[in-house]
Amino acid sequence: NAGVMQNPRHLVRRRGQEARLRCSPMKGHSHVYWYRQLPEEGLKFMVYLQKENIIDESGMPKERFSAEFPKEGPSILRIQQVVRGDSAAYFCASSPARNMNTEAFFGQGTRLTVV
Amino acid sequence: AQSVTQLDSQVPVFEEAPVELRCNYSSSVSVYLFWYVQYPNQGLQLLLKYLSGSTLVESINGFEAEFNKSQTSFHLRKPSVHISDTAEYFCAVSGEYNQGGKLIFGQGTELSVKP
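One structure accompanies this document, and this report is about it. (Residues numbered from 1 in each chain as written. Chains lettered and ligands numbered in written order. Predicted model: local features only at pLDDT ≥ 70, side-chain atom pairs only at ≥ 80, totals over all residues. Heavy atoms only, no water.)

### Details of unusual backbone geometry
Residues and elements named next belong to chain A. Put simply, the test is: Runs of E in the DSSP output that reach at least two residues are strands. Runs of H or I that reach at least four are helices, and both are numbered from the N terminus.
A cis amide bond links asparagine 7 with the next residue in sequence, proline 8, at an omega value of 0°. When you line up the elements, proline 8 lands in the loop between strand S1 (5-7) and strand S2 (10-13). Here arginine 64, not a glycine, exhibits a phi torsion of approximately 75°, which is positive. Position of arginine 64 relative to the elements: it lies in the loop between strand S6 (53-56) and strand S7 (65-68).

### Digging into the state of the cysteines
Residues and elements named next belong to chain B. Note the threshold: Counting rule for disulfides: a pair of cysteine sulfur atoms within 2.5 Å.
This structure, assessed with the given rule, holds two disulfides over all chains. There is a disulfide in this structure between cysteine 23 and cysteine 91, and the S-S distance comes to 1.9 Å. Judged by the sign of its S-S torsion, about -65°, the bond between cysteine 23 and cysteine 91 is left-handed. Taken together, the residues cysteine 23 in strand S4 (residues 23-26) and cysteine 91 in strand S10 (residues 87-94) connect sequence positions 68 residues apart.

### Quick notes on the nonpolar core
Residue and element names in this part refer to chain B. As a reminder, the rule being used: By convention a nonpolar core is built from buried Ala, Val, Leu, Ile, Met, Phe, Trp, Tyr and Cys residues, the set being connected through side-chain atoms within 4.5 Å. Only protein chains enter the calculation, and the probe is 1.4 Å; a residue is then buried if its accessible area is under 20% of its type maximum, exposed if over 50%, and partly exposed in between. We call two residues in contact when some of their heavy atoms are within 4.5 Å.
Formed by 27 residues in total, the largest nonpolar core has its most connected members in Leu33, Trp35, Leu47, Leu48, Phe74, Leu76 and Tyr89. Element by element, the count of residues in this core is highest for S10, at four residues. In this view, leucine 48 contacts Leu33, Phe34, Trp35, Val57, Glu58, Ser59, Phe63, Glu64, Ala65, Phe74 and Leu76; residues no more than four positions away in its chain are not counted.

### So, the interface of chain A and chain B
Definition in use: Here the quantity called buried area is the total loss of accessible area, with a 1.4 Å probe, experienced by two parts when brought into contact, counted for both. By convention in these notes, a salt bridge is any Lys or Arg side-chain nitrogen within 4 Å of a carboxyl oxygen on Asp or Glu.
Facing the 24 residues of chain A at the interface are 24 residues of chain B. Summed over both sides, the interface of chain A with chain B buries roughly 2100 Å², with 52% coming from carbon and sulfur. The interface formed by chain A and chain B includes one salt bridge. The partner of B:Lys102 in a salt bridge is A:Asp56, with the nearest N and O atoms 2.6 Å apart.

### Considering the pattern of salt bridges
All names here are of chain A. Under the defined criterion, the tally for this structure stands at seven salt bridges over all chains. Ionic pairing is found between arginine 78 and glutamate 18, a salt bridge with its closest N-O pair at 2.8 Å. Here arginine 78, found in strand S8 (residues 75-79), pairs with glutamate 18, found in the loop between S2 and strand S3 (19-24); they are 60 residues apart in sequence, far enough to count as distant. With a relative accessible area of 28%, glutamate 18 lands in the partly exposed category. A salt bridge links arginine 64 to aspartate 86, with the nearest nitrogen and oxygen atoms 2.7 Å apart. Here arginine 64 is found in the loop between S6 and S7, whereas its partner aspartate 86 is found in the loop between S8 and strand S9 (88-95), with 22 residues between them in sequence. A relative accessible area of 25% places arginine 64 in the partly exposed class. Overall, the relative accessible area of 3% leaves aspartate 86 in the buried class. Here the residues in one salt-bridge network are Glu18, Arg20 and Arg78, joined through shared partners.

Rendered as structure tokens:
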């Protein structure tokens, strides 16, 4: 059973381009969480999705950022018109259920660099 | 609102010495507490968690943490560290039982074990 798979591992974009980050949860997991880790900071929650639904997007910036988790395929975090401040490591986590008794497993992250 | 403070950003220690990584939290509701470990260029791995019951929780590799409600702390300890324990350690809290992967993280403590 493969772990949470994120790709690409490293992504370089020029200012103004779009960045698409993908997250394939562990088999049997239908809950996905995205986090952002800025340099020298801890992880900050961005969004929680269940298949085809956004459950909690309280941590998402109001503009340029969007996330989806379609019925088929990976979850996608999309950043439009990237700026230098978007440079960070983006982590995805998945779990089989909502509640605290289940563990959320993290992927290895996508490191986005905006030049 | 909930928050987590990790009091030490870096902790250097010699091999086989004891170590304590400090974590304090603030919350107006009951909390669930976690310690995660991040090895270089890896995702986060759950080390241990407190949900309820015994306030002392242990991991399989010798770490333990004690939930102290009166001091709002969840410090991580190990009586004798190994070189392989070198990593970044994150304390996290959640007050939402039904959003198991939505966590608030501290800024991290970099543990450096020297021979």
